[in-house]
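# Breakdown of the fold
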Amino acid sequence: MEKNQEFIVTIEDMNEDGAGVGKVDGYIWFVKDAVIGDVVRAKAMKIKKSYGFARLMEVLEPSVSRVIPSCPVARQCGGCQLQAMSYEEQLKFKERKVMNNLVRIGKFAEDEIHMLPIMGMEEPWRYRNKAQFPFGKDKDGNVIAGFYAGRTHAIVEAEDCLLGVEENREILDIVKQFMREMKIEPYDEISHKGLVRHVLIRKGFKTGEIMVCLVINGKKLPGKERLVEMLTGGDGKDRKGQGVSEQGTKGLEVKEQETSENEAKGYISNRHVNRNGIKGMASISYSVNQERTNVIMGKEIVNLYGPGFITDYIGNVKYQISPLSFYQVNPVQTERLYGTALEYAGLTGNEIVWDLYCGIGTISLFLAQKAKKVYGVEIVPQAIEDARRNAEINGIDNAEFFVGKAEEVLPEQFEKNHVQADVIVVDPPRKGCDAVCLDTILKMRPERVVYVSCDSATLARDLRYLADGGYVVERGRCCDMFPGTVHCEVCVELCRK
Ligand code: SAH
């Protein structure tokens, strides 16, 4: 086979990245966007010794799992690798991927690990509470917002990502209108000119509070008062006819009904309800980023409206989220995943618990309500500042946080200060736990270890280490935090033998 040659292949499997896998004369082809069960015509793009990459040209016989992606730019964007698969099949794909890793890398027998059914979403769309849209121009010179196409930095217009909230589009419309009025140019990477680079939008799903932060290539935002006025409806003028679509208005009505349950629970105050602006607009700011960089946010935030943060809840724990804060992007599934971690921790109120890789303390504060004492460890100092403030605003006084590496703080506290642990929870980044961290856990001999993982390959490796060190994998459960994508979170409980 030569480059650019076309061939027909049956897709028999899918790899970890969601690409279809098929064989022709024993040679393996990876075909992105092909679904297991498809028969496709593909074009050879890259040929290696024992495998190659091909481009999907045509689906000749669609798989029973294939659906028409709801998003018109799903393939161009590439953010949702599994959108051409039914949601049911996506969930099966994820469970299979996790189990494969546990068996292949962790060397566990399939029946050795009791995996409960994956927690999928009832409504696997519009689950993200955060969006960052880059700004640019189309070929006619109009200001557009969207996403970067593939590996390039060309912007494809897409203002209604179906993973994001409906308000995003309405907010982008207002920002574009504002830019037209003020004759503000979007940023251009090549010339390093223009002002507006990105717009960050966040929404508290339980409170309905919305944050908008413009990332700009400058220290000042001309007409900033006008932006506030337009987003909040502050002048009382009706924005209708200024580019806000009918659909946007409908979206608002639906939202009002949806949030009423949260209103009843007292999560929502009425102070942010605004008929003319964006409902829930609670924080407007800009971030100064004058660097030539791919990093989106600048370090400096200039507040224009509101207290500088929005508030949201996961379970009954309250969080204040500023433009630079980390916060889980799918709050609905976060609550279920961390709820599972809490259940697996099996707390009675007398336990000393460690939450390693604790971020802003989401799990720590969940656990603190049922434990005697919780220690959190996290490498990013700002996240720990957030964790401490979050503990404070929730009146939680049995949580203590350390800035540092888990593999340094934990041994130090154990060896020097003889701190104990009844339960240790870990939620490491993709590379998993450091060996020193795992060794210390084994030395501390907690009754239970709860492992929350975003990468089942490193999870499998670390579970093997703990299993060989005297722990039994009791049960586990996948949680679909990112429908449409190949990513899957897993929560596992281990008990000391
Ligand atoms: N449960 C957290 C999120 C955990 S994500 C929450 O809900 O906020 C993993 C975290 O591990 C990140 O915050 C990352 O900054 C942190 N991290 C990465 N390496 C670390 C290390 N060696 N020691 C401690 N924390 C680390």
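Residues numbered from 1 in each chain as written. Predicted model: local features only at pLDDT ≥ 70, side-chain atom pairs only at ≥ 80, totals over all residues. Heavy atoms only, no water.

An unreviewed UniProt entry lists the protein chain under the name 23S rRNA m(5)U-1939 methyltransferase, with Enterocloster clostridioformis as the source organism.

Moving on to the overall build of the protein chain. When you go through the protein chain residue by residue, the secondary structure sums to 11 helices and 22 strands. Taken over C-alpha atoms, the radius of gyration comes to 24 Å for the protein chain, in line with the 23 Å a tight globule of 497 residues would show. In terms of its C-alpha atoms, the protein chain occupies a principal-axis envelope of roughly 70 × 65 × 45 Å. Evaluated residue by residue, the protein chain yields a buried proportion of 54% over its 497 residues. Counting only contacts in the protein chain whose residues sit at least 6 apart along the sequence, the fraction spanning at least 24 positions is 65%. (Helix = DSSP H or I, 4+ residues; strand = E, 2+ residues; numbered from the N terminus. Rg over C-alpha atoms; globule rule 2.2 N^0.38 Å. Buried < 20%, exposed > 50% of the residue type's maximum accessible area, 1.4 Å probe, protein only. Contact = heavy atoms within 4.5 Å.)

In the structure shown here, the tally under the stated rule is nine aromatic pairs. Arranged with centres 5.8 Å apart and planes meeting at 80°, the rings of phenylalanine 30 and tyrosine 51 form a pair that is edge-to-face. With a gap of 21 residues between them, phenylalanine 30 in strand S3 (residues 27-31) and tyrosine 51 in strand S5 (residues 51-61) connect regions that are remote in the sequence. The exposure class assigned to phenylalanine 30 is buried, which follows from its relative accessible area of 17%. The exposure class assigned to tyrosine 51 is partly exposed, which follows from its relative accessible area of 31%. Ring centres of tryptophan 354 and tyrosine 375 lie 4.7 Å apart, and the angle between their planes is 25°; this geometry places the pair in the stacked category. One end of the pair, tryptophan 354, is in strand S16 (residues 352-356); the other, tyrosine 375, is in strand S17 (residues 373-378), and 21 residues separate them in sequence. Connected via pairs of aromatic rings, a cluster forms that spans Phe7, Tyr27 and Trp29. The ring of phenylalanine 108 is capped by arginine 464, whose NZ or CZ atom sits 4.3 Å from the centre of that ring. (Phe/Tyr/Trp six-rings, centres within 6.5 Å; stacked < 30°, edge-to-face > 60°. Lys NZ or Arg CZ within 6 Å of the ring centre and 35° of its normal.)

Right, let's get into the pairing of strand S21 (residues 471-479). Bridge analysis of strand S6 (residues 115-119) against S21 gives three bridges, and the strand direction is parallel. If you follow methionine 119 over to S21, its bridge partner there is cysteine 479. Bridge count between S21 and strand S22 (residues 489-496): eight bridges; the pairing is antiparallel. By the bridge assignment, arginine 477 is partnered in S22 with cysteine 491. (Pairing = 2+ DSSP bridges.)

At arginine 126, a residue that is not glycine, the phi angle is positive and equals roughly 50°. What makes arginine 126 partly exposed here is its relative accessible area of 22%. Phi is positive for lysine 183, which is not a glycine, with a value near 55°. Inspection of the secondary structure assignment puts lysine 183 in the loop between helix H3 (167-182) and strand S10 (196-203).

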